[in-house]
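Observations on the three-dimensional arrangement
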Amino acid sequence: MNYALCLYGHFRSFDDCWPGLQHNLLVPNGIRDIFAVSWADSMGYFQHPGNTNSPLTHIGYDPTSPGVAPDYVAKVLLTISPRSFHFENYHLRDKEFEGIVNELRPFYHTSQDHRPKGTLGQVHGRCTALQLARQHEERHGFRYDGIVCTRWDVDYTRPIDLAQLSLDTMTMDGMYGPDVISDAWAYGPSNAMERWATQFMARERLCQLGTMNTGPHEWLRAHFDAAEIPWSNNPNLGIYIRR
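Remember, it's a predicted structure, so these values are computed and weren't measured experimentally.

Turning next to a nonpolar patch on the surface. Taken together, the side chains of Met 175, Tyr 176 and Val 180 define a hydrophobic patch exposed on the protein surface, amounting to about 230 Å² of accessible area. On the secondary structure map, Met 175 appears in the loop between strand E6 (170–172) and strand E7 (185–188).

In structure tokens:
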């Protein structure tokens, strides 16, 4: 089986997560092809939504987080040896995200603490990482059997054997219960991941359908439904977000 890994989001706790990622996912499954996306201007440390002032304009992470040092980026690239990578500065996207937030006003999440800019940044990064994998497939004329898509700050408590997971459906982590689609960790076939990669640009279609929602789980569920991506939760993967 030929697998790939797509990483996205802020680096955050990646130094602590790397040993688990390596020993519990990469090595057991022989994964060598990694596609990496991150924000290069901030480590993006977690800030609880309840501690946020002005959620609608908030960037979605702790604004006092330190920047990403060039030698840190070099160390990460040396560690993971990605097939391709894409780093950009969040602050150059902030105005764009602000405009999108205003456009999506009828589709805000109901939580008063919800930070839609954070959701936009997350979805944009994830789609970019998945697109890197698809571009690699197109350049070399093949398809990966399966692709894992997850965040830099996800850690592992035990090995995951991808051969034991179905490729007829997208396997999600299920950390929020059996009926909630989670976006922390996912595994599925290349064609399903290709459809997932359109989520950021497919907002208008969901708005027309009336199913758009700026909540991360709600938006993901609406996109999967519209793109006809089957999914199932597996709460026994042994992964967690290392805040």
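Back to the text.
For strand E2 (residues 33–39) and strand E3 (residues 84–88), the ladder comprises 5 bridges, and the chain directions are parallel. Bridge assignment links Trp 39 to a residue of E3, and that residue is Glu 88. One crossover worth recording links E2 to the parallel E3 by way of helix H2 (residues 70–80), and it is right-handed.

A few words now on empty space enclosed by the protein. All told, the structure shown has 2 cavities of 30 Å³ or more when counted by the stated rule. Around the largest cavity, the lining residues are Gly 9, Val 37, Ser 38, Trp 39, His 86, Glu 88, Gly 121, Gln 122, His 124 and Gly 125. Here the element with the most residues in the lining of the largest cavity is helix H4 (residues 116–140); it accounts for 4 residues. Split by residue class, the lining of the largest cavity holds 2 nonpolar, 7 polar and 1 charged. Roughly 40 Å³ of internal volume is contained in the second largest cavity. In terms of lining, the second largest cavity is formed by Leu 7, Phe 14, Cys 17, Trp 18, Leu 21, Thr 150, Arg 151, Trp 152, Val 154 and Tyr 156. Taken together, the elements giving at least two residues each to the lining of the second largest cavity come down to helix H1 (14–29), strand E4 (146–151) and strand E5 (154–156).

Moving on: the pairing of E7. With burial as the criterion, each face of E7 is covered, one bearing Trp 185 and Tyr 187 and the other bearing Ala 186 and Gly 188. Examined bridge by bridge, E4 and E7 share 4 bridges and lie antiparallel to one another. Looking across to E7, one finds that Thr 150 is bridged to Trp 185. Where E6 and E7 come together, 2 bridges link them in antiparallel fashion. Among the inter-strand pairings, Thr 171 is bridged to a residue of E7, identified as Tyr 187.

Definitions and limits used
- Residues numbered from 1 in each chain as written.
- Predicted model: local features only at pLDDT ≥ 70, side-chain atom pairs only at ≥ 80, totals over all residues.
- Heavy atoms only, no water.
- Patch = residues over 30% accessible without salt bridge, like charges linked within 9 Å, V, L, I, M, F, W, Y side chains within 5 Å.
- Areas by Shrake-Rupley, 256 points an atom, 1.4 Å probe, with all protein chains shown as cover.
- Salt bridge = Lys/Arg side-chain N within 4 Å of Asp/Glu carboxyl O.
- Helix = DSSP H or I, 4+ residues; strand = E, 2+ residues; numbered from the N terminus.
- Pairing = 2+ DSSP bridges.
- Right-handed = clockwise from strand over helix to strand, strands pointing away.
- 1 Å grid on protein atoms, 1.4 Å probe; cavity = no way out; pocket = protein on both sides within 12 Å on 5 of 7 lines; lining within 4 Å.
- Points joined across faces, edges and corners; volume = space filled by probe spheres on them.
- Nonpolar A, V, L, I, M, F, W, Y, C, P; charged D, E, K, R; others polar.
- Buried < 20%, exposed > 50% of the residue type's maximum accessible area, 1.4 Å probe, protein only.

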